[in-house]
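Structural features, examined
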Amino acid sequence: MRARVGWPDVAKGLCIILVVLWHVVTKHAIDAPGAGSVTDAWATLNAQLLPLRMPLFFLISGMFAGRAILAVDGASWRRRAVRLLSVYVIWVLIQTVVLALTPDFDTARATDGWELLAQLTISPTNLWYLLALAVYLVIARLTRDLPTAFVLPVAFVVAAFAAAGLMPDLGNLWQVVQNLFFFLAGLRLRDAVERFAASTGILRALALAAGFAGATAVVGVLGMRGWPGVWPLLAVLAVACGVALCALVDRHASAVARPLRWIGQRTLPIYVLHMIPLALIDEVLRATGWRTTPVVEAVEPIVLTAVVIALCLALHAILVRLQLGVLFDPLPLWDRLRGYRAATAGRRPSP
């Protein structure tokens, strides 16, 4: 069994913080009364990180899916996929109920049965990462015997298609399609990614960061976002930069790496919960007639991101203590139910 290296958890911690920050800015700060140029700057910064956040997250997820995908009996990947789908359904239903209390909060929520059915299938909500991972596990299992030289180029073409805006506008479905490439890259190129991370020094990391910043500027200025292949290529550069920087932080900045690793090992509760406290905080601030100021604009996204993450982890701990950990992993419940049915069937008298 290979030892678990630290930088992937650093990367996961960084990514989940950026996800929460993205939602804080785009779903709260940007619509706040009095928001101006400072909030616009936050929105612009967050937009430049789009090629990094989820592609890097999926690369790491793919790296840790290999054992489940390659297992002979297939039970491991099926259980993982069922768990992800179950958690997705559970939290879509919970969000549908809770977010009905915050009608002014700008995020998708079902208002009837058809919309709910669409969100559970073809039009995923902000929880789309869970649905995507389940789908990716199925695809990875079905294609496990195909050569990498075939699978990754096909996945890249699919990502280019989705990134070019050629898909129907069905919620976050385009993101599900677009990020398959990075999951499969993490799955199939794990050894190469780990060697790259281990051999990265400061000069390489700085060069990649400069290259990513420059490429992002060029894409933005020339309006190349929808050009075929440009966005996935930019994301590849962003992911390489992210891996390099996270590897350096893990090796040389333990004061930063330690909390990021800790958060990176707790991404699921933060991911499924964070929209709820954010929506409720937004609703309370609206109700009080709160208006932002330039100083508040500058610091609020950071403070609110930290508050939301802390609330998520606290709420998760409370729910687990209340024996509601099944909301985050329903498999033990399914196992008990199957065991109960099997035991009940075994006690039935023979005909």
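Conventions we followed
- Residues numbered from 1 in each chain as written.
- Predicted model: local features only at pLDDT ≥ 70, side-chain atom pairs only at ≥ 80, totals over all residues.
- Heavy atoms only, no water.
- 1 Å grid on protein atoms, 1.4 Å probe; cavity = no way out; pocket = protein on both sides within 12 Å on 5 of 7 lines; lining within 4 Å.
- Points joined across faces, edges and corners; volume = space filled by probe spheres on them.
- Helix = DSSP H or I, 4+ residues; strand = E, 2+ residues; numbered from the N terminus.
- Nonpolar A, V, L, I, M, F, W, Y, C, P; charged D, E, K, R; others polar.
- Patch = residues over 30% accessible without salt bridge, like charges linked within 9 Å, V, L, I, M, F, W, Y side chains within 5 Å.
- Areas by Shrake-Rupley, 256 points an atom, 1.4 Å probe, with all protein chains shown as cover.
- Salt bridge = Lys/Arg side-chain N within 4 Å of Asp/Glu carboxyl O.
- Buried < 20%, exposed > 50% of the residue type's maximum accessible area, 1.4 Å probe, protein only.

**Re the layout of surface pockets**
For the largest pocket, the calculated volume is near 1100 Å³. Of all the secondary-structure elements, those providing two or more residues to the lining of the largest pocket are helix H3 (50–63), helix H4 (66–70), helix H5 (75–98), helix H7 (128–142), helix H10 (180–188), helix H11 (190–199) and helix H15 (267–273). Broken down by class, the residue content of the lining of the largest pocket amounts to 24 nonpolar, seven polar and 12 charged. Here the second largest pocket defines a volume of roughly 560 Å³. Taken together, 30 residues line the second largest pocket, and the ones lying closest to its centre are Trp 22, His 23, Trp 128, Asn 172 and Gln 175. Those elements that provide at least two residues to the lining of the second largest pocket are helix H1 (7–27), H3, helix H6 (113–120), H7 and helix H9 (173–178). By residue number, the principal contributor to the lining of the second largest pocket is H1, which donates five residues.

**Quick notes on a nonpolar patch on the surface**
A grouping of Leu 146, Phe 150, Val 154 and Val 158 is seen on the molecular surface, where their side chains present a nonpolar patch of about 310 Å² in accessible area. Mapped onto the secondary structure, Leu 146 falls in the loop between H7 and helix H8 (148–163). What makes Leu 146 partly exposed here is its relative accessible area of 37%.

**Digging into the pattern of salt bridges**
Scanning the model with the defined rule gives four salt bridges in all. We note a salt bridge from Arg 190 to Glu 194, for which the minimum N-O separation is 3.0 Å. On the criterion of helical spacing, the pair formed by Arg 190 and Glu 194 is a turn pair, its members being four residues apart in helix H11. In this structure, Arg 190 and Glu 194 share a single accessibility class: buried.

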